[in-house]
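# Architecture and fold: a report
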Amino acid sequence: MTGWPKHEQPREKLRIQGAAALSDAELLAIFLRVGVKGKSAVALAKDLLHHFGSLPRLLACSSEEFTRLHGMGISKWSQIQAAYELVKRSLEEGLAQDSIFSSPGHVREFLQAKIGRLPHEVFLCLYLDSRLHLIECQELFRGSITHTAVYPREILKEALARNASALIVAHNHPSGNPLPSDSDQELTKTLVNALQLVDIPLLDHCIVSGSGFFSFSDSGLMNNGN
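Note that the structure is predicted; figures quoted are calculated from it, not measured. (Residues numbered from 1 in each chain as written. Predicted model: local features only at pLDDT ≥ 70, side-chain atom pairs only at ≥ 80, totals over all residues. Heavy atoms only, no water.)

On to the environment of F110. Inspection of the secondary structure puts F110 in helix α7 (residues 104-115). Separated by 19 residues in sequence, F110 and L91 have C-alpha atoms that sit 5.5 Å apart. Ignoring anything within four residues of it in the chain, the contact list for F110 reads K88, L91, E92, L95, L126 and C137. (Helix = DSSP H or I, 4+ residues; strand = E, 2+ residues; numbered from the N terminus. Contact = heavy atoms within 4.5 Å.)

Take a look at the structure:
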């Protein structure tokens, strides 16, 4: 990139115009830092985006998949993953500082960044205080999420241990379809009824995929277990 006009180099462009002015490839090139023989960092970044099909797929790739590509080593993968983790932590910290209802899209952004691209299913609990600020986000179960695989007793125990005043649960669908199954709906009813016994409202059950999102609350399906 050193042969480019200085104002067109990604770092200089970022300094002058701000990060929002850069393309995905230019932003990625900053983390790659250097290209390979005959190919600039920006050209290499474009090749990466083309190979994976999208930026989210690239961010979710394993080190093994990444390093199979020419010019891509564990150092470059680590730099990209570190930046992605900072984004996720920033979103989580925002939920801890503000009520979840102060920014309706914040929970969605956080959950999609956290679990939307995982190749396996996980079940998260977001424990909230009386002001609906996040106390903690806990991955409670991993694997194939079914009605029988998630244990309401365990969720109640963890919520009480944190003195939670409310709860949001979420899981991902690696298949890409965020619509709830019959099992998801039954699980939601079971959790609502169980949490009512200890006066902890279940505010929402969210289902996340790489490009989709489903909210039981937004869809009018949080029916208090009825």
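On to the packing of helix α2 (residues 24-32) against helix α6 (residues 74-97). It is at 9 Å that the axes of α2 and α6 come closest, and there the two elements cross at 120°. The angle between the axes of α2 and α6 places the two elements in the oblique class. The handedness of the crossing between α2 and α6 is right-handed. Taken together, the residues of α6 that come into contact with α2 (itself represented by L28, F31 and L32) are K76, Q79, I80 and A83. A breakdown of the residues in the contact of α2 with α6 according to their chemical character gives 5 nonpolar, 1 polar and 1 charged. (Axes fitted to C-alpha atoms, helices over the stretch in contact; angles between N-to-C directions. Parallel < 35°, antiparallel > 145°, perpendicular 65-115°, else oblique. Left-handed = near helix turned anticlockwise from the far one by under 90°. Nonpolar A, V, L, I, M, F, W, Y, C, P; charged D, E, K, R; others polar.)

What follows is about the packing of helix α1 (residues 10-17) against α2. When two helices pack together, their arrangement is given by the angle between the helix axes and the distance between those axes. Between α1 and α2, the least distance of the axes is 9 Å, while the angle of their chain directions is 115°. For the crossing formed where α1 meets α2, the hand is left-handed. Of the residues in α2, those touching α1 at P10, R11, K13 and L14 are E26, L27 and I30. For the contact of α1 with α2, the residue count by class is 4 nonpolar, no polar and 3 charged.

A few words now on the state of the cysteines. Here the structure, examined in full by the defined rule, presents 0 disulfides. Among the cysteines around C125, which has no disulfide bond, C137 carries the closest sulfur, lying 8.5 Å off. (Disulfide = S-S within 2.5 Å.)

Summed over the entire model, instances satisfying the criterion amount to 9 salt bridges. As a salt-bridge pair, E85 and K88 come within 3.5 Å of each other at their nearest N and O atoms. Residue E85 and its partner K88 are located together in helix α6, separated by 3 residues, close to a single helical turn. By sharing partners, the salt bridges in this structure join E85, K88 and R89 into a single network. (Salt bridge = Lys/Arg side-chain N within 4 Å of Asp/Glu carboxyl O.)

With that settled, the discussion passes to the sheet that holds strand β5 (residues 213-215). Strand order in the open sheet made by the 5 strands is β2-β1-β3-β4-β5, with mixed pairing throughout. In the strand order of this sheet, the two ends are held by β2 (134-142) and β5, each with one partner. Sheet twist, expressed as the average angle between the axes of neighbouring strands with direction ignored, equals 20°. With 6 bridges joining them, strand β3 (residues 166-172) and strand β4 (residues 202-208) adopt parallel strand pairing. Following the sheet pairing, I168 is matched in β4 by D204. (Pairing = 2+ DSSP bridges.)

Purely geometric numbers; function is a separate question.
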